[in-house]
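Survey of secondary and tertiary structure
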Amino acid sequence: MAYECIHATTRGRVGLITLNRPKQMNALNPKLMQELGEAMYGFDADDGVGAIVITGNDKAFAAGADITVMKNYSYMDAFRSNYITRDWEHIRNVRKPVIAAVAGYALGGGNELAMMCDIVIAAENAKFGQPEINLGVSPGAGGTQRLARFASKAKAMDLCLTARMMDAAEAERAGIVSRVVPLDKLMDEAMAVADKIAGYSLPVVMMIKETVNRAYETTLSEGVHYERRIFHSMFSLDDQKEGMAAFVEKRKPDFKHR
Ligand code: DAK
């Protein structure tokens, strides 16, 4: 499918989305976010796709929402049009794992987009931040909430109130990045991770994603209870029978994704 602001393609069982506004540092305009949602829903519905990778270019994952679009908005414009919210919430609705492969700047909405993904793999040149305060506004796509939950209150306050950027090593220490790799290895690493996940039983992968995300929405005892119910339900899967039989028979499992 041809898009204006992204590229979307499949490689094996991995759906790869590349943000493609290089001259604007991949600033996230409404068209890009609408296309991103469309491509992600397409991959989510495609039985041939088991995991999704979102990336940018070497200089920028995304330098935030497009400031040229926002600058003349009034309160009513933002409120009545539910400013970009509908297109941003798509990311959270996708049920297959989404990996952000981040090189260069991930700022404002770019950092928020990365934090909406399930795994963040960063190149050594990646820089993460919430510089909205420079523009006279606060983060608006979950930055204050996800940074406080995924990193800490101290990091959330520090980044949101000073606009300073974290490098990849600090972001990994803070907990928002899962691995850091050299820039020239970023896509190999991200695709290898996605490929590995896509090789497992798709319903199990989707249930694990759903269960981990529960940890951020509920109490520990409710979360563990939910995990137990999901675990019990997995004994209805052909893939559970196959996975355990393959272990006992000392062979590779042949998952059928059901
Ligand atoms: N918007 C529009 N254009 C941008 C941009 C952005 N966010 N970031 C960069 N550009 C453009 C620059 O204007 C420049 O364009 P030309 O002058 O060439 O036409 C081009 O990209 C290259 O940028 P620079 O010349 O500035 O390049 P440098 O290497 O010197 O600096 C930089 C790179 C990324 C450090 C710098 O461009 C920068 O500071 N950019 C702005 C970063 C920023 O403030 N980001 C936060 C934006 S606010 C919400 C959802 C999301 C949001 C809010 C609500 N809802 C769901 C309600 C998000 C808000 C934000 O992200």
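Further up the page is the structure itself.
Computed from a predicted model, the values in this text were never measured in an experiment.

Here we look at the packing of helix H5 (residues 109-116) against helix H6 (residues 143-151)
Two elements in contact, H5 and H6, have axes whose closest approach is 10 Å; the angle formed by their N-to-C orientations is 50°. Judged on the interaxial angle alone, H6 and H5 are oblique. Once H5 is placed against H6, the crossing between them reads as left-handed. Residue-level inspection shows Asn111, Glu112, Met115 and Met116 of H5 in contact with H6, the latter providing Gly143, Arg146, Leu147 and Phe150.

Brief notes about the sheet that holds strand S10 (residues 179-181)
Sheet strands pair by backbone hydrogen bonding; their relative direction is either parallel or antiparallel. In spatial order, the strands read S1-S2-S3-S5-S7-S10; together these 6 strands make up an open sheet with mixed pairing. The open sheet has two edge strands, strand S1 (6-11) and S10, and neither has a second partner. Averaged over neighbouring strand pairs, the angle between their axes works out to 20° when direction is ignored. Examined bridge by bridge, S1 and strand S2 (residues 14-19) share 6 bridges and lie antiparallel to one another. Residue Ile6 lies in a different strand from S2, and its bridge partner there is Leu19.

Some points on the pattern of salt bridges
Scanning all chains against the criterion turns up 13 salt bridges. Of the charged contacts in the structure, one is a salt bridge between Arg164 and Asp158, with a shortest N-O distance of 3.0 Å. One network of salt bridges, in which partners are shared, links Lys155, Asp158, Arg164 and Glu170.

Here is what the cut-offs are and how they apply
- Counting of residues starts from 1 at the beginning of each chain's written sequence and follows it residue by residue.
- For this predicted model, a pLDDT threshold of at least 70 governs which residues receive local features, and a threshold of 80 or more governs which side-chain atom pairs are given and counted, while totals over whole chains, interfaces and linings are taken from all residues.
- The side-chain quantities take in all heavy atoms of the structure and omit both hydrogens and water.
- Every angle, taken between N-to-C directions, lies between 0 and 180 degrees, and every axis is a line fitted to C-alpha atoms, over only the stretch in contact when it is a helix.
- What counts as a helix is a DSSP run of H or I of at least four residues, what counts as a strand is a run of E of at least two, and both are numbered from the N terminus.
- By definition in this entry, angles of less than 35 degrees are roughly parallel, angles greater than 145 are roughly antiparallel, angles of 65 to 115 are roughly perpendicular, and the rest are oblique.
- Handedness of a crossing is defined here by the sense of rotation of the near helix relative to the far one, left-handed for an anticlockwise turn of less than a right angle and right-handed for a clockwise turn.
- Contacts were defined at the residue level, with two residues in contact if any of their heavy atoms lie within 4.5 Å.
- We call two strands paired when DSSP finds no fewer than two bridges between them.
- Each reported salt bridge corresponds to a side-chain nitrogen of Lys or Arg within 4 Å of a carboxyl oxygen of Asp or Glu.

Function cannot be inferred from these measures alone, as they are strictly geometric.
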